Structures are given as structure tokens and as C-alpha cells.
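# Observations on the three-dimensional arrangement
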Amino acid sequence: MYPQIITGADLLRGIVKLDELAPLLQKRGASSAAIVNSKLFGVRSFSTMLSKYGIRPVIGLSVMVSIADEDLLIYVYAQNQAGFSNLMKMSSAISTREEGNLPLPWLQVYRQDCFVVCALTHTTWTNHRNVEILQQLAEDAKISTFIGISRPGGARHTEEERMIHLSEECELSIVACHETRFLHAEDFPAYEVATAIRKGYKLNDSKKPKNRHRQAYLPTQKTFSEWFADHPEWLQTMDNVLDSCEVKFGKEPFQLPKFPVQEGQTPIRLLTEKCQNGLAKRFQSLPIEYAERLRYELTIIEQMGFTDYFLIVEDYVRYAKSQQILVGPGRGSSAGSLVAFALGITEVDPIQYGLLFERFLNPERVTMPDIDIDFADNRRTEVVNYVADTYGKQYVAQIITFGTLSTKAVARNVARVLDFTPEEVRFMSSELNSGLSFSETVRQSKKLQDWIAVDPRRTHWKEAAERLEDLPRNVSTHAAGVVLSANPLVNYVPLQIGTDEVFLTQWAMKDVEEVGLLKMDFLGLRNLTLLDRIRSMIEYNTKQPIDFEAIPLNDQPTYRLFKAGDMSGIFQFESPGMRRALQTIQPDNFKDLYSVNALYRPGPMEFIPLYSRRKNGQEQTDYDIPELQPILEETYGIIIYQEQIMKIAVEIAGFTMAEADLLRRAISKKNQQVLEQERQHFIAGAMKKGFDHIKANNVYNLIVKFADYGFPKSHAVAYTLISYRLAFFKANEPNVFYAAYLSSLTGNKEKTMELIREIKARGIDVYPPSVKSSRYSHTVEGNAIRLGLAAIKGVTFTFYQQLAAVRGNWSSMFDMAISLGANHFNEKSIIPLIKAGALDEFGEKRSVLLASVDAAHSHALYIGDDAFSDQFQFNSRPKYTPGGEMDQMTLLSFERDVLGFYLSEHPVEQLKRNVTEHIQPIASLVDLRQGTKVKCIGLILSVKRIRTKKGEAMAFFTLQDETEEVSCTVFPKQYAQFSNLNENEFIQVTGSIEVRNQSLQLIVDKIVTIAC
């Protein structure tokens, strides 16, 4: 009997791990154990794990109940399913109130089918151990209310006799209590560290609060009995309470939401009307194939009970579009639904592309429908809020996720509370391997072991980190998941305060799905935000709306980009490997593009050369089984898509589409028994259709071989549509594309600089930011791109708004200062602007402008404070302060400081002008043969030092010049001579070219530091 266990799920209030707790309880012969976390975090996992070990799981909750403006600790246990339902309401009430407590009247409402234990020995009761309080708590529920007395470590509370007297006076039974927050007495130091992490103090802080839980370990039954030897009846009563509690968890039936329809209307009739109207907009006369497919899909949707779901998704997609929130063309298997296409949920015509409805909804495998919708990531929240407002905040919640203390996170957090020096933190961070557990990393690292051994604090660090690793540390909101229910969600899942006034579930995705709630994914896609930015810029410039669906899929300039592998900024096609695949295949139609998208993954990637040869007429496509040609000719005889596997099962073995989908799923799970059963099923069906046994068996082997590789064609088509649209704008509106893409890279200095090099190589000028012309984001100006003020470190959107509001025909910095006013014209905002070149249009050197900031501020203060400021402004002719000369290297370093990159020119260009010997531009190295000796000048961007298996030091660093970057390797022999490598240092490198894993690098022979 273990009455109050606080597990690691309670965000470091306890550090008990279930996979250690359950076997220990079983070993000690425990019959029951109760979880009493401060929220219902982890209760389903607790129940599952304990049940697996034959121990009765009891679900409880630690509650701070508010009585007479005081918060007192009680434990509440659910007796049955009804009690657990009330426990969920209690936890939700506590977690959605700012006070974080439960008012007594609320407790009285929710306590039915629950036991309440008043933890009188807890410090919250110190001044409230009286009859009046207990009688208020017990009210008419004395039989289910108890006084709890704990004796941690066997020590009796000084007021225990008073508590016994109170129990007699109030006619309340006493139960033995004991909070378990860690498993073993020796775990207390680790628990102490966990508490410090949670509360944010260091263990050596003299002002830190006292930790009162030294004895909160899991005692043996014998120890527990010894602590309460004089009152065994208290133990027995607690035992009886726990034995009276039984809450069972399992997979619950679906709790599908309802779409509100007008009186006299039905959901299926409304859905049918919406679909017919949607197709009428796309077709002048609806083809018979579409009409039949629509009838079939609607029948299945109604049979499976998903009519309301489709209406709800259509509703919020329509809302998003009405608000100019960009919605993706579809994703996943839902693009195989004609209903989704007709409703405008997807933009992919499933019949045109041969997509299968059964890949999405299978009447023979009833699972929750899964329509994932992509939105521009900067506006996703608006759609979630719309759903909450429309269907009611009590019915909608976002799903919680738990951030855990991973290998490096636990090491750093423990190091912080133990007050490690920066040098210690740097060392241990560099030695830890995030791919391994903390203990495994230490076990494999002799350096770490030696480092730990010299200092007891480091031993403490190691032991605490091992105990705390993988425990939940904090909560956040799932990036996509939203649940919606027909009834208040609190009936199914506990809730808490979330963000943007939408509730958050207290259970993670798996637990939420197990209670039968419908999960909808609202995904924020950065590339849609990029498309949206492009659309906005074009519409702003041309005053004409952009219709993405009207973009032709046969645009030749767009295919030239794909064939060249010119894919920077193009969703899914940016990686070097994907670019090589495009250059190999030379796609000239949309089918080729989504085929490449599906092929470029581990496994099918090996078929890219074969696809290319067959596609480009260099090799004939032969079909050993001619009946496969109609299914595989679009992919030149190669099985690429899951839909092709399903079609083969239908055409060769006579499966229904629903059976074919079950076959696809069964094969992917690799269960040998199921594979053999399906083989017999397939062969029998094929033989009925006239195929011989050998041919049927060969086809089945082909399916099994490619099942792992099969990719949903529906997803490939839908997502490639986004990629194509981006490429279309890059090919046809390059200035707009680059300006929008640059804006999306704000803060990423490496990619920004790389893109600026590409833009300039295209013959497009990049103008510096300007206080007169720049908007906040980058914009198109003629045939050039004007950098926005957002690119400048220290320039806030608030400052930009003020600047834009007063912007005028300024002729000097003093005019600008007067317009902005002294409050806004200050060093913090203006100096970064000057360093970035945003005030160059005033015709003064940057050194002069920097020297004159104080004078301009004083002038603004003087003019602004004077009642006759207009007259004074007219008569006043302030002068710039002489600033001396600023050399080019200083000017460039200022640009890099505030922009993150060099704009006027790369300093390497200036350094090269002073060198007489031949220097190779880094961009040209790709054209040279393996082993070619070269000399390059560049800036060291990053350095990584390692030790070889022999313990010798070596290094890798990234070198950048004005044309490109290259990875450089310094082996031990050379590193011994040139070990003093520092970031942001200019060097001349002599070395030889090496290509490894299709990636070019420079093997360094010699390094010379260049002084600027």
C-alpha cells in the first residue's frame, strides 16, 4: 500500500520513473499504489504500467483547496469512473484558474464518488487544525473524508495528539500518509537538484528555500509498518480506501463533433449540396466518372459517421481563405478524396492524378479520418481561434507536449544549479553525445570519466543527471494538434490554460486519441508564408489578385530552373542530392516533378538513374507481366507509389480497393505470418482471374519488395504543387521571389549571404537599407531589391512604424531627428541604421554621421521643446560634427555587426587586391579535379576541434570568401603547426581538393593569418 506517489510526470515535483517504480513495487509485494500529482499528468501511463505488473493503480490528485482565503493540501482519490470524471473537472478547474487552487464550494460539487484525505501534518494546515475547518470540508460526506497523518522517516508530528483528538471530535477516521517523490533515500540529492531546476535557484545560494522532503523516498512495507506500529489501524484504513478505488482506462469509442445545421436540413444533404456546388464551379458539365465517384465517397463518409467532420473542415478552410490566409493545396492521403477537392479543402483533382479514396478512408478499416491542413505559419493561430470561437471554447483545445531533459539539456540544467564555471560547461557540452543517453556517453568517454573523478561536485552532477534524464521539464503546445468534441472536453480529458485563450489538454497526443477524441492537424508551413508574401508583394505592385490555381503547370522557364537544379528557396528541392536528382532526370512535366519528390528518399533513391534512363529514352521499359503496364507506365515500370501497389492488387488479384489498402498496410508491418496469409489470398485471387501460380507469386514478391519504398502519391502531388508554385515565381518574378525569400531568412546570416551572392550573380542589384525608402521587410525597387529595416539588428517594428509615420523629404539627419523627435531619435536606434548604410542618402560619410548623432539629438530636443519651433527650425542650420576617416575594413565590420553579413563588399575582396600570387575563388573549386593544389583567402566562419582514436588533435573549419564557402580539414600533423584557429579570422589557405560523399572539401597543407 503506497498512498501518495508523485511521479516524474509532475514536472520535477517528483522524480519517480514508472519503469523503475512498477518492478520495485512488485518486488515488495505491493497490492496497490496511488498517484497524486498536482495535475493529471501521467495518470494513464501510471495505470497501464502498474496494471502490467499486477498492482492496483489508484488515481488521485493533490489539491490545494481554498477555505477562508487559505490554501490547504488535500488528496482526492477517484473511487470509480464517475469519480475520475469529477477528478478531471477538479484538475481542469485548478489548472484554468489564475489562483491555482480549488474553492471549497467547487470541491463539494465535484467530490462525489471520491475519497478526500485532509493532509493535517502538511505545513499548509499549521494554523488551521480546528473543528470548524474540518467540518466545512467534511460537510455531509464524513464517510468519504479522512484525516491524513504522515510520519516521514518515522518521526511523529508535534501536534499528532491534537489531530487524533480532532478526528474523534469530528468523527473522521485517520489514515496513514506518506508522500513518495523519489524511490530511494540516496536519491534525495538528485531530487534536491530537480527542485532547484524547477524553482530556478542554485544549490549554493544561502537564500534558497529549505527542502522539507528528505524522507520522501519509497519505504518498504516493513518500514511503513514500523513507522505506524502503534496505530496499525491507520494503515489498514488507508489500505481499505485504496482497495475501494478502481478506475479503468482503455480505448474509448469515437467522440465525433457535430456541425450545426439549420432546422429541416441534415448534415449529409448539406455536404452533398456543398460538393455539387464546388464541382459545378470547376466543370461546366460534370463528367459521369466524377458524379459516380462523388456518390460513392459520400455514401462511405455517411456510413462511417464522418459527415460532420467534413463540414467542419470545410468551414474553417473557407474561413481561412476568406481572411486571405493562405491554405495549402492538400497533404497526405486526404488529397485522394473527391469530396475534399469539391469542398475546396484540397486543390488536387484525385481523378486526374489517379489518386485513391480508399487510401484515405477505408470502410473495412474504421479509423478516425485524418485531414491535415497547412496554413501560412504566421497566421495559423487565427484559424485555431476561429474554431474555438465558432464551436465554443469548452469544446476545443490544443494538445499539450512535454519537453524532456534530454542528454545535453539535463547536463546543462544540473550544471547550472550546481554553479559550474563557464569553462566546465563548455568542456562537458563539447564531450556529450546527444545521440546517446547521458550515462552511456559518460561510460564511453574516458575524458569525461577522468574529468568527473577530480571533483566531488562533478560526481554529484553525474549522479543527478543520470537520475533526472528524460524526465518532463516543461510543457508546450503541439505544433499542429487540435481536438474538437460534441460535448464539453472536460468530460473526456483534463484541461489547462493554453495560449491565445484556447485551452490545452493535460494529456499528450497518444492519451487524447485513446479517449476517442477527434484530432485535427492545423499545420503552420513556412513555405506557404513565403508564397503568401510573394502574392502580397505582386498584388501590392500590380493591384491585380493572384490565383494560384490558375498558374499553368507547363511553364517552360519554371522547368528550366528544375532541370538546372536551381532550387534555392524551393520547398523540398533545395538539398544538394535533390538538385543532382533533378539534373539527372531533367523533368519536363509535372508528373516527373512529383515522381522525383517520391523517389528522393532512402531506398527508392537507387532507382533515380534507372528512372532517368527510361524517361530520357536511353533504356527501354520492359514489363515481364504485361498487365502491369497500364499501372506502371507513368513511372517507367518502377513502383513508386502506394496507390500503384493497391491498383496491382485490384487488377491482378481481384481485390476490392478496401482490401488492397488492408494488404498495403499488412505488408508494411512485415509480420511474417500475415505476409504469408496475404500471399495465399493474393495468389488465389490472381488465379481466379486467369493468372498462373508462378506469375501471381512473382507479382506478390514485387509488391513486397517495393512496399517499403511506396510513398503516398496523393502527398507527393499535393506538396509538389507548393514547390512548383514557388519555382514559377522564381522563374517569372525573380525580383519579387528573392525579396520575399530574403525576408524569410532574416536572422540567418549564412543563408542570407549565400542568397545575396546568388541574387547578384543573376544581375539583380541589392540596395542597402534606407530610412527614406525601406519598408520593414525587403522590397522590389525597379530592377533591384531594397533591403528592409528589419534586417538591421536593434531596429524594432515599433521604431519602424514611428519612422514610417513621420517620413518626409529629409535633406539631412537633422531633419530626420526633428521629425522623429528626441524620444525616438536616440543612439540605440540610430547608430545601427548608420552602420548599415541606411543614412548614406544624406551624402555624408558614416564616420561623420556617427559623430553627429548627439548633435542631432540635441537639435531635435531643442526644436521640439520650443513653442516657436517652426521659426527656429527655419533659422537654425545645425552642422555635422567632423568624424575623421573610417577605413574600408571598419566600415565593412560595422555592416557585419548590424546586418550579420557584408553588404558593400566582402572584406576578402579588399585583401585579394593586395595579393600578387594567384588566389582561387572558392566558388571555382567545384570545377577542379580531385587532388588539385589551390590557394584561397577567406574568413573562418566556424571551427570544430576533435581528437582522433589515437588521441591526436585535428580540426574542421568553414572558410568563406565573396563567392562561396568550403569545408576545410586540418589533419593532426598540420594542426600541430596551425592550431591557433579562431572564428572571424582572415587566413590564406594552401591545400588540395578532395571530394568525399559527393561533397567537396579542402585538405589543408598550410595556413597563413592575414592582418586587416
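Before going into details, it helps to say that this report is about the structure given with it. (Residues numbered from 1 in each chain as written. Predicted model: local features only at pLDDT ≥ 70, side-chain atom pairs only at ≥ 80, totals over all residues. Heavy atoms only, no water.)

Below, the discussion takes up the nonpolar core. Of all hydrophobic cores here, the largest spans 141 residues; its most connected members are Phe682, Met816, Leu833 and Leu839. Among the elements that line this core, the one with the most residues is helix H31 (residues 713-732), at 11 residues. Core analysis: the second largest hydrophobic core is formed by 127 residues, Ile67, Tyr201, Phe228 and Leu471 among them. (Core = buried A, V, L, I, M, F, W, Y, C linked by side-chain atoms within 4.5 Å. Buried < 20%, exposed > 50% of the residue type's maximum accessible area, 1.4 Å probe, protein only. Helix = DSSP H or I, 4+ residues; strand = E, 2+ residues; numbered from the N terminus.)

Below, the discussion takes up the sheet that holds strand E17 (residues 779-781). The mixed open sheet is built from 3 strands, whose spatial order is E16-E18-E17. Whereas interior strands pair on both sides, the edge strands pair on one side only; in this sheet they are strand E16 (765-767) and E17. Across the sheet, the mean angle separating the axes of adjacent strands is 35° when strand polarity is ignored. When E17 meets strand E18 (residues 784-786), the two strands line up antiparallel, connected through 3 bridges. Across the sheet, the residue bridging to Val780 is Ile785, located in E18. Seen against the sheet, helix H32 (residues 734-744) touches E17 and E18 and runs at an angle of roughly 25° to E18. (Pairing = 2+ DSSP bridges. Axes fitted to C-alpha atoms, helices over the stretch in contact; angles between N-to-C directions. Contact = heavy atoms within 4.5 Å.)

Let us now look at the side chain of Asp566. Structurally, Asp566 can be placed in the loop between helix H22 (556-564) and helix H23 (576-585). Other than its neighbours up to four places away in sequence, Asp566 contacts Leu561, Lys730, Glu758 and Arg762.

So, on to the pattern of salt bridges. All chains considered together, the criterion is met by 59 salt bridges. Taking the shortest distance from any N to any O, the salt bridge between Lys912 and Glu962 comes out at 3.1 Å. Remark: Glu962 occurs in the loop between strand E20 (953-960) and strand E21 (965-970) and Lys912 occurs in helix H41 (residues 907-913); sequence separation between them is 50 residues. When salt bridges with common partners are traced through the structure, they connect Arg44, Lys510, Asp511 and Glu514 into a single cluster. (Salt bridge = Lys/Arg side-chain N within 4 Å of Asp/Glu carboxyl O.)

Looking now at the environment of Ser445. As for its position among the elements, Ser445 is in the loop between helix H17 (438-444) and helix H18 (446-453). Accessibility expressed as a relative area gives 10% for Ser445, which makes it buried. Separated by 13 residues in sequence, Ser445 and Leu432 place their C-alpha atoms 8.7 Å apart.

What follows covers the packing of helix H1 (residues 18-27) against helix H2 (residues 43-52). Where H1 meets H2, the axes come as close as 9 Å, and the angle between the chain directions of the two elements is 35°. Handedness of the crossing formed by H1 with H2: right-handed. The residues of H2 that touch H1, namely those facing Leu18, Asp19, Leu21, Ala22 and Leu25, are Ser45, Phe46, Met49 and Leu50. Tallied by class, residues from the contact of H1 with H2 come to 7 nonpolar, 1 polar and 1 charged. (Left-handed = near helix turned anticlockwise from the far one by under 90°. Nonpolar A, V, L, I, M, F, W, Y, C, P; charged D, E, K, R; others polar.)

Let's shift gears to the packing of aromatic side chains. Applying the stated criterion across every chain, the model contains 44 aromatic pairs. Judged by centre distance (5.1 Å) and plane angle (40°), the rings of Phe427 and Trp451 are tilted. Within this pair, whereas Phe427 is found in helix H16 (residues 422-431), its partner Trp451 is found in helix H18, the two being separated by 24 residues in sequence. On the basis of relative accessible area, Trp451 is assigned to the buried category, the value being 11%. Centre to centre, the rings of Tyr776 and Phe797 are 5.0 Å apart; their planes meet at 70°, and the pair counts as edge-to-face. Residue Tyr776 is located in the loop between E16 and E17, and its partner Phe797 is located in helix H34 (residues 797-806); the two are separated by 21 residues in the primary sequence. Given the relative accessible area of 23%, Tyr776 is considered partly exposed. Here a set of aromatic residues connected by ring pairs shows up, and it is made of Tyr353, Tyr559, Phe562, Phe573, Phe590, Tyr594, Tyr641 and Tyr724. The ring of Phe341 carries Arg282 above its face, with NZ or CZ at 4.0 Å from the centroid. Over the ring of Tyr540 we find Lys543; its NZ or CZ atom is 4.6 Å from the centre of that ring. (Phe/Tyr/Trp six-rings, centres within 6.5 Å; stacked < 30°, edge-to-face > 60°. Lys NZ or Arg CZ within 6 Å of the ring centre and 35° of its normal.)

So, on to helix H5 (residues 131-138). Listed as buried for H5 are Val131, Ile133, Leu134, Leu137 and Ala138. For H5, the angular spread of the buried residues around the axis is 165°, confining them to a single face. In this structure, the buried residues of H5 make contact with strand E3 (56-67), strand E4 (70-78), helix H4 (104-110), strand E6 (114-119), strand E7 (145-150) and helix H6 (160-170). Its side-chain oxygen at 3.3 Å from the backbone nitrogen of Glu132, Asn130 defines the N-terminal cap of H5. After H5 finishes, the residue Glu139 shows a positive phi value of roughly 45°. (Arc of directions from axis to C-beta. Polar contact = N/O pair within 3.5 Å; in protein donor to acceptor, adjacent residues only side chain to side chain.)

Geometric descriptors of this kind do not, in isolation, establish any biological role.
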